[in-house]
Amino acid sequence: MGHGGESRRAPAYDGELGAAVARAQQGDEAAFAVAYRLVQPGLLVYVRGLVGDDAEDVMSDAWLEIARDLGRFKGDGAGFRGWTATIARHRALDHLRRQRVRPRPSTLEQDVLDLPGPQSTYDQAMESMSTERALALVGGLPRDQAEAVLLRVVVGLDGPAAARVLGKRPGAVRTAAYRGLKRLAKQLGVESVTDEAPRTLGEST
């Protein structure tokens with residue numbers, strides 16, 4: 001699948017998310033549940049990559065903060081994904097400081113890769129590896145590459161948004177994501193990799 005497929009999906013996804021957030025800010029609990037459903041899967045994978053098995057507890061704390069501060073958020077669907085990712089990351093790092101454990105990427109689900117091309121190399125690669133292998137592969141990436149891949153491909157943030165979450169320059173995050181994806185693809189025997197059109201776990205199905 002190419003870049004065009006993403007351009008068709010992302011606006012619909014972010015439009016639905018942005019509308020849900022706007023309604024949730026007016027007190028619509030059902031809309032808040034929709035926003036949760038759209039962003040939680042990707043955020044959970046990202047946080048699991050930082051704190052491992054404690055991810056669900058960390059995300060529970062993050063969602064308490066998100067709900068508490070929702071009225072202060074200003075932005076669209078894409079902005080909400082970035083805002084929630086920042087909160088989730090802060091809670092994960094707080095948890096690690098309490099545990100005195102150095103942040104490290106530990107898990108990733110199969111949506112880490114977007115392998116474009118007319119022969120659907122993404123699907124071919126997905127068929128060639130198990131979830132366990134995907135988790136092992138991301139665990140071997142340097143931390144900066146793993147976090148960039150998680151934010152760009154799993155959470156679905158663009159370069160500037162991912163950079164804001166990480167406190168880095170967009171170019172540095174794009175480079176880290178590209179190198180991480182390239183390393184994963186090399187291990188899978190796939191030549192073409194991009195971080196320009198990621199699939200996200202939070203997409204509505």
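Residues numbered from 1 in each chain as written. Predicted model: local features only at pLDDT ≥ 70, side-chain atom pairs only at ≥ 80, totals over all residues. Heavy atoms only, no water.

## Brief notes about helix α9 (residues 170-188)
With 19 residues, α9 should cover 27 Å at 1.5 Å per step; its first-to-last C-alpha distance of 27 Å lies within 8% of that length. Regarding α9, the residues found buried are V173, A176, A177, G180, L181, L184, A185 and L188. Relative to the axis of α9, the buried residues are bounded by an arc of 160° and lie together on one face. Exposed side chains of α9 directed beyond 90 degrees from the buried face belong to R179 and K186. Phi turns positive, to about 75°, at G189, one or two residues after α9. (Helix = DSSP H or I, 4+ residues; strand = E, 2+ residues; numbered from the N terminus. Expected span 1.5 Å × (residues − 1). Buried < 20%, exposed > 50% of the residue type's maximum accessible area, 1.4 Å probe, protein only. Arc of directions from axis to C-beta.)

## So, the packing of helix α7 (residues 143-155) against helix α8 (residues 159-166)
At their nearest, the axes of α7 and α8 sit 10 Å apart, and the two run at 130° to each other. Put simply, α7 runs oblique to α8. The handedness of the crossing between α7 and α8 comes out as right-handed. Contacts between α7 and α8 involve E147, L151 and R152 on the former and, on the latter, G159, A162, V165 and L166. Taken together, the residues that form the contact of α7 with α8 break down as four nonpolar, one polar and two charged. (Axes fitted to C-alpha atoms, helices over the stretch in contact; angles between N-to-C directions. Parallel < 35°, antiparallel > 145°, perpendicular 65-115°, else oblique. Left-handed = near helix turned anticlockwise from the far one by under 90°. Contact = heavy atoms within 4.5 Å. Nonpolar A, V, L, I, M, F, W, Y, C, P; charged D, E, K, R; others polar.)

## So, the nonpolar core
Here is a general trend for soluble globular proteins: nonpolar side chains tend to be buried in one another's company. Of all hydrophobic cores here, the largest spans 45 residues; its most connected members are Y46, V47, F80 and L151. For this core, the secondary structure elements donating two or more residues are α1 (3-24), α2 (29-51), α3 (55-69), α4 (77-99), α7, α8 and α9. Per-element tally for this core: the top contributor is α2, with 11 residues. Lining this core are residues from two domains, each supplying at least three of them: domain 1 (6-99) and domain 2 (107-204). Excluding anything up to four places from it in sequence, L151 contacts Y46, A85, G156, L157, A162, V165 and L166. (Core = buried A, V, L, I, M, F, W, Y, C linked by side-chain atoms within 4.5 Å. Domains from an automatic or database assignment.)

## Examining the packing of α8 against α9
Put simply, α8 and α9 touch, their axes get as near as 8 Å, and they point 100° apart. On the basis of the axis angle, α8 is roughly perpendicular to α9. On α9, the residues that touch G159, P160, A162, A163 and L166 of α8 are P170, V173 and R174. Across the contact of α8 with α9, the residue classes break down as six nonpolar, one polar and one charged.

## Focus: α3
If you check α3, its first and last C-alpha atoms are 21 Å apart, about what 15 residues at 1.5 Å a residue would give, namely 21 Å. Of the positions making up α3, those classed as buried are A55, V58, M59, A62, W63, E65, I66 and D69. On an axial view of α3, the arc spanned by its buried residues comes to 160°, and they lie on one face. Residues of α3 that are exposed and point over 90 degrees away from its buried face: E56, D57, L64 and R68. Its buried side turned inward, α3 meets α2 and α4.

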